[in-house]
Amino acid sequence: MKKMVAPSLLAADFYNLSKDIDIVNRSEADWFHLDIMDGVFVPNISFGIPVVEAVKKHAKKPLDVHLMIVQPEKYIKAFRDAGADLLNVHYEASTHLHRTVQEIHNSGMKAGVTLNPHTPVSHLEDIIEMMDLVLIMSVNPGFGGQKFIENTYHRVEQLRNLIEKKNSQALIEVDGGVSTDNSAQLYKAGADVLVSGSFIFNSGDPVKTISELKK
Ligand code: DX5
Ligand code: ZN
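Residues numbered from 1 in each chain as written. Chains lettered and ligands numbered in written order. Predicted model: local features only at pLDDT ≥ 70, side-chain atom pairs only at ≥ 80, totals over all residues. Heavy atoms only, no water.

## Here's the deal with the side chain of D64
Structurally, D64 can be placed in strand β3 (residues 63-68). An unpaired buried charge is present at D64: no salt bridge exists, and K56, the closest side chain of opposite charge, is 12 Å distant. Setting aside anything within four residues of it in sequence, one finds D64 in contact with A6, W31, F32, H33, L34, L86, N88 and E173. (Helix = DSSP H or I, 4+ residues; strand = E, 2+ residues; numbered from the N terminus. Buried < 20%, exposed > 50% of the residue type's maximum accessible area, 1.4 Å probe, protein only. Lys, Arg positive; Asp, Glu negative; His and termini not counted. Salt bridge = Lys/Arg side-chain N within 4 Å of Asp/Glu carboxyl O. Contact = heavy atoms within 4.5 Å.)

Spelled out as structure tokens, the structure:
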């Protein structure tokens, strides 16, 4: 497994965002994870395109954008223009997921599909070969700082088996409640990329915390 870390800026200090962007730039983190919430698909509103553009200006690592919005296909080009390198859309929000993935690729980005905790991994059987990444939610999306759902390990193992069976190149990313309490077991189950927000930015030394999450 790859053992990558994508800090979620949802837990950053929005008064002094450049400080937290610099922390990620000089850490061992691999990507920036940006959580876009619309107050419809999830019961919370976060930030939108102008913030993604601002982060892109200072970020020295790729932007992994997690859309928690209805009708994500409407905003593919807008997020590409704002600087997204990888665009994650929710399975539950995408009526025509195959077409949406094609459009993400045609726009020049990597494509990820995100599964809520109740969505069976097997639903990806006929699309896994075209995915660059699958994001397994280990909490119900909408808020940072929630408790990790233990069934996630089993879901990561199921997804790893599906990826191998179909000879897919997709990376497995896990998001929600990730800390050093579960990181080693997640990599062992087959995860490649761990998203972490509050555990990193609420720690005394985020650079060190990021490197501990990669062990
Ligand atoms: C939740 C978001 C997560 C969130 C993770 O809906 O998708 O990316 O920022 O935050 P923590 O690590 O605090 O659970
Ligand atoms: Zn996220």
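## Here's the deal with the coordination of the zinc ion (ligand 2)
All of the protein donors around the zinc ion (ligand 2) are H33 (NE2), D35 (OD), H66 (ND1) and D175 (OD); their distances to the metal are 2.0 to 2.3 Å. Angles of 70 to 169° at the metal separate the six donor atoms of the zinc ion (ligand 2), which places the site in the octahedral class. Along the chain, the residues donating to the zinc ion (ligand 2) are arranged with the sequence spacing H-x1-D-x30-H-x108-D. Of this pair, D35 sits in strand β2 (residues 32-37) while H66 sits in strand β3, placing them 31 residues apart in sequence. The same class applies to D35 and to H66, which are both buried. (Donors = N, O, S within 2.8 Å, 3.2 Å for Na, K, Ca; no water. Tetrahedral: all angles 85-135°; square planar, octahedral: opposite > 155°, others 65-115°.)

## Digging into the environment of S27
Relative to the assigned elements, S27 resides in the loop between α1 (17-25) and β2. For the pair S27 and P141, spaced 114 residues apart in sequence, the C-alpha separation works out to 26 Å. The residues contacting S27, other than those within four sequence positions of it, are K61, V207 and I210.

## Digging into the layout of surface pockets
One number sums up the size of the largest pocket: a volume of about 320 Å³. F143, G144, G145, G176 and G177 are the residues nearest the centre of the largest pocket, which is lined by 25 residues in total. Listed by contribution, the elements that provide at least two residues to the lining of the largest pocket are β2, β3, β8 (193-196) and α7 (198-201). Tallied by class, the residues present in the lining of the largest pocket amount to 11 nonpolar, 12 polar and two charged. (1 Å grid on protein atoms, 1.4 Å probe; cavity = no way out; pocket = protein on both sides within 12 Å on 5 of 7 lines; lining within 4 Å. Points joined across faces, edges and corners; volume = space filled by probe spheres on them. Nonpolar A, V, L, I, M, F, W, Y, C, P; charged D, E, K, R; others polar.)

## Side note on the pairing of β8
Alternating positions in β8 separate into two faces, V193 and V195 on one and L194 and S196 on the other, with burial throughout. Across four bridges, strand β1 (residues 4-7) lies against β8 in parallel orientation. Following the sheet pairing, A6 is matched in β8 by V195. In this structure, strand β7 (residues 171-175) lies alongside β8, joined through three bridges in parallel fashion. The residue of β8 that forms the bridge with V174 is L194. Viewed along the sheet, the connection from β7 through helix α6 (residues 183-189) into β8 turns out right-handed. (Pairing = 2+ DSSP bridges. Right-handed = clockwise from strand over helix to strand, strands pointing away.)

## Details of the site of ligand 1
In the neighbourhood of ligand 1, 20 residues make up the surrounding shell, with G142, D175, G177, G197 and S198 lying closest. Backbone polar atom of G142 to an oxygen atom of ligand 1: 2.8 Å apart, as the coordinates give it. In the model, an oxygen atom of ligand 1 is placed 2.8 Å from a nitrogen or oxygen of the G197 main chain. For ligand 1, whose accessible area on its own is 380 Å², the fraction buried by protein is 99%. The pocket occupied by ligand 1, as judged from atoms lying within 2 Å of grid points, is the largest pocket. Taken together, the elements giving at least two residues each to the shell around ligand 1 come down to β2, β3 and β8. Here the residues of the shell around ligand 1 sort into seven nonpolar, 11 polar and two charged. (Near = heavy atom within 4 Å. Polar contact = N/O pair within 3.5 Å; in protein donor to acceptor, adjacent residues only side chain to side chain. Areas by Shrake-Rupley, 256 points an atom, 1.4 Å probe, with all protein chains shown as cover. Sits in = over half its atoms within 2 Å of the grid points.)

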